[in-house]
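Notes for the structure review
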Amino acid sequence: MRKPVTRDELSKAFSTIAHYLLDSMRDVANENAAGDTSAAYYDARTSPTGPTTFRRAAAAGAFPSFRVGRKLMARKADVDEWIATQARAPKPKEQSGDDADAAFFASLQPKRPSR
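Residues numbered from 1 in each chain as written. Predicted model: local features only at pLDDT ≥ 70, side-chain atom pairs only at ≥ 80, totals over all residues. Heavy atoms only, no water.

**Quick notes on the sheet that holds strand β3 (residues 71–75)**
Here 3 strands make up an open sheet; going across it, the order is β1-β3-β2 and the pairing antiparallel. Across the chains shown, the open sheet's two edge strands, defined by having one partner strand only, are β1 (41–43) and β2 (66–68). For this sheet, the mean angle separating the axes of adjacent strands, direction not counted, is 40°. Across 3 bridges, the pairing between β2 and β3 is antiparallel. From the neighbouring strand, valine 68 faces β3, where its bridge partner is lysine 71. Packing of helix α2 (residues 51–60) onto the sheet brings it into contact with β1 and β3, and relative to β3 it is tilted by some 75°. Taken strand by strand, helix α3 (residues 76–85) contacts β1 and β3, and its axis lies near 75° from that of β3. (Pairing = 2+ DSSP bridges. Helix = DSSP H or I, 4+ residues; strand = E, 2+ residues; numbered from the N terminus. Axes fitted to C-alpha atoms, helices over the stretch in contact; angles between N-to-C directions. Contact = heavy atoms within 4.5 Å.)

**Points about the pattern of salt bridges**
Opposite charge on two side chains makes pairing possible when the charged atoms of those side chains draw close. Throughout the structure, instances matching the rule amount to 2 salt bridges. In this structure, lysine 71 and aspartate 43 form a salt bridge, with 3.4 Å as the shortest nitrogen-oxygen distance. Within this pair, whereas lysine 71 is found in strand β3, its partner aspartate 43 is found in strand β1, the two being separated by 28 residues in sequence. The exposure class assigned to lysine 71 is partly exposed, which follows from its relative accessible area of 43%. Linking aspartate 78 and arginine 75 is a salt bridge whose minimum nitrogen-to-oxygen distance equals 3.9 Å. (Salt bridge = Lys/Arg side-chain N within 4 Å of Asp/Glu carboxyl O. Buried < 20%, exposed > 50% of the residue type's maximum accessible area, 1.4 Å probe, protein only.)

**Observations concerning the packing of aromatic side chains**
By the definition in use, this model includes 3 aromatic pairs. For the ring pair tyrosine 41 and phenylalanine 66, a centre distance of 5.6 Å and an interplane angle of 85° mean the geometry is edge-to-face. Taken together, the residues tyrosine 41 in strand β1 and phenylalanine 66 in strand β2 connect sequence positions 25 residues apart. Classification of tyrosine 41 as partly exposed rests on a relative accessible area of 38%. Judged by centre distance (5.5 Å) and plane angle (35°), the rings of phenylalanine 54 and phenylalanine 63 are tilted. Cluster of aromatic residues (ring-pair linked, three or more members): Phe54, Phe63 and Trp82. (Phe/Tyr/Trp six-rings, centres within 6.5 Å; stacked < 30°, edge-to-face > 60°.)

Given below as structure tokens:
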């Protein structure tokens, strides 16, 4: 016949199990924080481009996308790569100094009527 389990023994067993579970959860949380294993997909709401641009680019085939229910999804790597290719050329520097002053004052002169 088995010996009945006391409340103390049961409590100790549950405590040990909880301790192992918490250690495992802590390890997984630390791995995720170190490796940033967050979701590997964007939807229109979480995309850095904004919802409208995301939907238009996906419809145009700028990056592979798919639907999950009503959500349009795309891999983060594909979207980030497409964003990198969309970089604009830098704007030309505005005129400064005497050239800018001359251009400004020339724009203030009245136009001569054509004859």
